[in-house]
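The residues making up each chain are set out below.
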Amino acid sequence: MAARDATAREGVTAWPQHSMVFGADYNPEQWDESVWAEDLVLMRDAGVTMVSVAIFSWAILEPRPDHFEFGWLDRVMDGLAEAGVGANLANATASPPPWMGSRWPETLPVRADGTTLWPGGRQHYCPSSPIFRRRAGILTEQIAARYADHPALRMWHVGNEFGCHVPQCFCDVSAAAFRVWLEERYGTLDALNDAWGTSFWSQRYHAWEEIHQPRTATTWQNPTQQLDHHRFSSDELLDVYRNERDILATHTPTIPITTNFVTTTRRPIVDYWRWAEHVDVVASDHYLLVHLLRPEVELAFCADMSRGLAGGEPWLLMEHSTSAVNWQPRNRPKAPGEMMRNSFQHVARGSDGAMFFQWRQSKAGAEKYHSAMVPHAGTDSRVWREVVELGDALGRLDEVVGSRVEASVAIVFDFEAWWNAEMDSHPTDAIRYRDLAQRIHRALWDAGITVDLVRPGAALDAYELVVVPTLSIVSDAAAEVIERFVADGGHALVSYFSGIADEHDHIRLGGYPGAFRELLGIRTEEFHPLLEQETVTLDSGATADLWTEHTELEGAEAIASYADGPLAGGPAITRHAAGSGVAWYLGTRLADDDLAVFVDRIVAEAGVHPVLPELPAGVEATRRRSGPTTFVTVINHTDDDVSLPVAGTELLSLRMGDHHTVRAGDVAVIRERIPTPVESFGV
Ligand code: GAL
């Protein structure tokens, strides 16, 4: 996978570190100081290496504007340093103190319908507000100056999950900033009018002042305006991050700076491809979605996304949970061993550590029912015992730190297409961008194949197979990269509702799927989305739902056709030999079992091999490489012990052998034995 095209800062302390990071958000301000000493003892007992401090401390650090109280944080930082625990120190701007909203109500964010979002929760700020930015800058400056040389400082944590509660602000200040952003993007009103297609419905603008955000309107709003407002809002939040980051960087040019991305989300918050260029370490938060049948597979998808954002380099799992969370409809705790498996899944997929929200379970506030490393029950608890076990296990993986995950399949994943694919007034309102990407990822997971998530336009030469699910909007340049990949011998699987429009969301005329029509050797005249509950059958016996389309072959062959429904006889899945490669088209949504059969076929033709041969169902294996040394991580999600033919040393038990048994529900990390020259030449 190509390295991040980062504007990464020169001279930042080497990331990754020398050992796996283990720790949590640490919120000592919620506790009496008498508890802090015990915290430090317990952190040592558990093998904690780093904690994130002061993320939500603004109101305590700055009780009145320009009046700072750092004494308590000094004592926390000193204690951590003495205990040998590093601090991922926040600049504490994630949640403004109540005085901000009282004194400057114009800093509060506003929804599309004009509702002001008041203090009482968190993240209640308008990212465009000059007052908020100034106040956040003052606080950041104070913290940076005070702790720049503190021995506990390892990393800076800017804000928290930018945009997770307020991805877009619709206030007047934001409106003005939006206009400036648009002027920079388009230069002239004519260019904007063209891009937004404002000849439609009398929307033509004659002055910049006439332009608003897509506030609540009579009916469907201009789609390009909506898309641009998402882009603008992402950029605006990124600006907030960068302003604060730059202050920190001035004080500590070598300390890595990051913020935590959110991968478990049903809506795209910001465009993380753009954000990833501006963090020194990609850090992300993942929470298990317990209503899913196989939440561990969704976890794997998110971990692969984090690694993709890191350009294949190691990243850091900044938050997950030891057990239940508080924000899902029903908050199931984790089963014994599940936390270990989850943590190792992330490590197996490139994280150089596992951190949690949070260290000590709160006794008050909205998150008091959210699990933590030290639960309400105290240390005589299963959660604590498993925490200690996990700390011990991660402590045995120093040599894995810095290694990179190997993958020969990529999924092209895009936050802009995600915004676009789920917009209103489309052929169906039932497309969920992540749905198909995750289904195909799951089929590959079941086949034991590791997948990278890559940005549209990213170099693809490292892969045998590239999957392009529901990439509804795509630039010419990004489409060309996929075309070239196939011409050069790769296999590409493109799905329905891909390549339809350009980056302005203007349809590519002449037949769908526009940008990929020639590559796929097909031409679609009309979409036939299916009604709720409606299914169709293919002549292969497969069942499909959600989407069908009237496709003509223009060079491709039909692999499967519709056996019934309005398009009976027409192609549903096609294959097109193009250049020295093959372009496959999936024009409908196959049932999971049928998708698995189809994916297996492509995988076989593309010559993609699983990480380990004949991996039993429910057993996950990935490989990380560091020079000639490789590490296979095995996670056994089943109720049966498995024995796998991996020769080498298992790092948790130090057992050596040509086979390793991984007990039901357990994990293993095997440093593979490097064959001697005699063995490799088969002498
Ligand atoms: C994250 C957030 C944490 C905490 C956690 C609970 O989204 O960053 O502060 O709220 O969720 O699951």
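A brief look at the structure comes next. (Residues numbered from 1 in each chain as written. Predicted model: local features only at pLDDT ≥ 70, side-chain atom pairs only at ≥ 80, totals over all residues. Heavy atoms only, no water.)

### Considerations on the packing of helix H6 (residues 172–186) against helix H7 (residues 189–196)
Move 1: Running from N to C, H6 and H7 cross one another at 95°; their axes reach a closest spacing of 9 Å. Between H6 and H7, the crossing angle belongs to the class labelled roughly perpendicular. Here Phe178, Leu182 and Tyr186 of H6 come into contact with H7, specifically with Ala191, Leu192, Ala195 and Trp196.
Move 2: Its residues assigned to classes, the contact of H6 with H7 shows seven nonpolar, no polar and no charged. (Axes fitted to C-alpha atoms, helices over the stretch in contact; angles between N-to-C directions. Helix = DSSP H or I, 4+ residues; strand = E, 2+ residues; numbered from the N terminus. Parallel < 35°, antiparallel > 145°, perpendicular 65-115°, else oblique. Contact = heavy atoms within 4.5 Å. Nonpolar A, V, L, I, M, F, W, Y, C, P; charged D, E, K, R; others polar.)

### So, a negative patch on the surface
Move 1: A contiguous patch of negative charge on the surface is contributed by Glu183, Glu184, Glu209 and Glu210.
Move 2: With respect to the element layout, Glu184 can be found in helix H6.
Move 3: The class of Glu184 is exposed, set by a relative accessible area of 64%. (Patch = residues over 30% accessible without salt bridge, like charges linked within 9 Å, V, L, I, M, F, W, Y side chains within 5 Å. Areas by Shrake-Rupley, 256 points an atom, 1.4 Å probe, with all protein chains shown as cover. Salt bridge = Lys/Arg side-chain N within 4 Å of Asp/Glu carboxyl O. Lys, Arg positive; Asp, Glu negative; His and termini not counted. Charge placed at Lys NZ, Arg CZ, Asp CG, Glu CD. Buried < 20%, exposed > 50% of the residue type's maximum accessible area, 1.4 Å probe, protein only.)

### Some remarks on the sheet that holds strand S24 (residues 629–636)
Move 1: The strand order across the open sheet formed by six strands is S10-S23-S24-S29-S26-S27, and the pairing between neighbours is antiparallel. Strands at the two margins of the open sheet, each flanked by one partner only, are strand S10 (404–405) and strand S27 (656–657).
Move 2: Summarising the sheet, S24 and strand S29 (residues 667–672) pair through five bridges and their orientation is antiparallel. Pairing of Ile635 across the sheet is with Val667, part of S29.
Move 3: Its contacts with the sheet put helix H11 (residues 338–348) on S10, strand S23 (619–626), S24 and S29, and the angle it makes with S24 is roughly 150°. (Pairing = 2+ DSSP bridges.)

### Focus on the sheet that holds strand S12 (residues 451–454)
Move 1: In spatial order, the strands read S12-S11-S13-S14-S21-S20-S19; together these seven strands make up an open sheet with mixed pairing. Edge positions in the open sheet fall to S12 and strand S19 (557–561), since each of these has one partner strand only. Each adjacent strand pair in this sheet contributes to an overall mean axis angle of 20°, direction not counted.
Move 2: Across four bridges, strand S11 (residues 409–412) lies against S12 in parallel orientation. Note that in S12 the partner of Ala410 across the bridge is Asp452.

### Comments concerning the packing of aromatic side chains
Move 1: Per the stated rule, a full pass over the model turns up 33 aromatic pairs.
Move 2: Ring plane angle 85° and centroid distance 6.1 Å describe the contact between Phe162 and Tyr241, whose orientation is recorded as edge-to-face. Of the two residues, Phe162 sits in the loop between strand S4 (153–157) and H6 while Tyr241 sits in helix H8 (residues 223–251), which places them 79 residues apart along the sequence. As far as burial versus exposure is concerned, Phe162 and Tyr241 are alike and both buried.
Move 3: A connected cluster of aromatic rings, assembled from ring pairs, spans Phe261, Tyr272, Trp273, Phe301, Phe413, Phe415, Trp418 and Tyr433.
Move 4: Seen from the ring of Trp31, Arg360 lies directly overhead, with NZ or CZ sitting 5.6 Å from the centre.
Move 5: Across from the ring centre of Trp584, 5.3 Å away, lies the NZ or CZ of Arg575, which sits over that ring. (Phe/Tyr/Trp six-rings, centres within 6.5 Å; stacked < 30°, edge-to-face > 60°. Lys NZ or Arg CZ within 6 Å of the ring centre and 35° of its normal.)

### Thoughts on the nonpolar core
Move 1: Core analysis: the biggest nonpolar cluster contains 173 residues, and Leu73, Leu80 and Phe344 have the highest contact counts within it.
Move 2: With near-sequence residues (within four places) excluded, Phe344 lies in contact with Leu390, Ala393, Leu394, Leu397, Thr633, Ile635, Leu652, Val667 and Val669. (Core = buried A, V, L, I, M, F, W, Y, C linked by side-chain atoms within 4.5 Å.)

### Observations regarding helix H17 (residues 592–606)
An α-helical turn contains 3.6 residues, so a residue and the one three or four places further along point in the same direction.
Move 1: Compared with an ideal rise of 1.5 Å per residue, which puts 15 residues at 21 Å, H17 spans 21 Å between its outermost C-alpha atoms and is within 8% of the ideal.
Move 2: All of the buried residues along H17 are Leu595, Phe598, Val599, Ile602, Val603 and Ala606. Seen from one end, H17 has its buried residues packed into an arc of 140°, which puts them on one side. Opposite the buried face of H17, at more than 90 degrees from it, the exposed residues are Asp593, Val597 and Ala604.
Move 3: Phi for Gly607, located one or two positions after H17, is positive at around 75°. (Expected span 1.5 Å × (residues − 1). Arc of directions from axis to C-beta.)

### What to know about the packing of helix H5 (residues 130–147) against H8
Move 1: In contact at an axis separation of 9 Å, H5 and H8 are set at 25° when each is read in the N-to-C sense. Between H5 and H8, the angle falls in the class roughly parallel. For the crossing formed where H5 meets H8, the hand is right-handed. Listed contacts from H8 to Phe132, Arg133, Ala136, Gly137, Thr140, Glu141, Ala144 and Ala145 of H5 are Glu236, Asp239, Val240, Asn243, Glu244, Ile247, Leu248 and His251.
Move 2: Tallied by class, residues from the contact of H5 with H8 come to seven nonpolar, four polar and five charged. (Left-handed = near helix turned anticlockwise from the far one by under 90°.)

### Considering the pattern of salt bridges
Move 1: This model, assessed by the stated rule, comprises 40 salt bridges.
Move 2: Ionic pairing is found between Arg133 and Asp239, a salt bridge with its closest N-O pair at 3.7 Å. Here Arg133 is found in helix H5, whereas its partner Asp239 is found in helix H8, with 106 residues between them in sequence.
Move 3: Given the relative accessible area of 30%, Asp239 is considered partly exposed.
Move 4: One connected set of salt bridges, linked through shared partners, spans Asp435, Arg439, Arg442, Asp545, Arg589 and Asp592.

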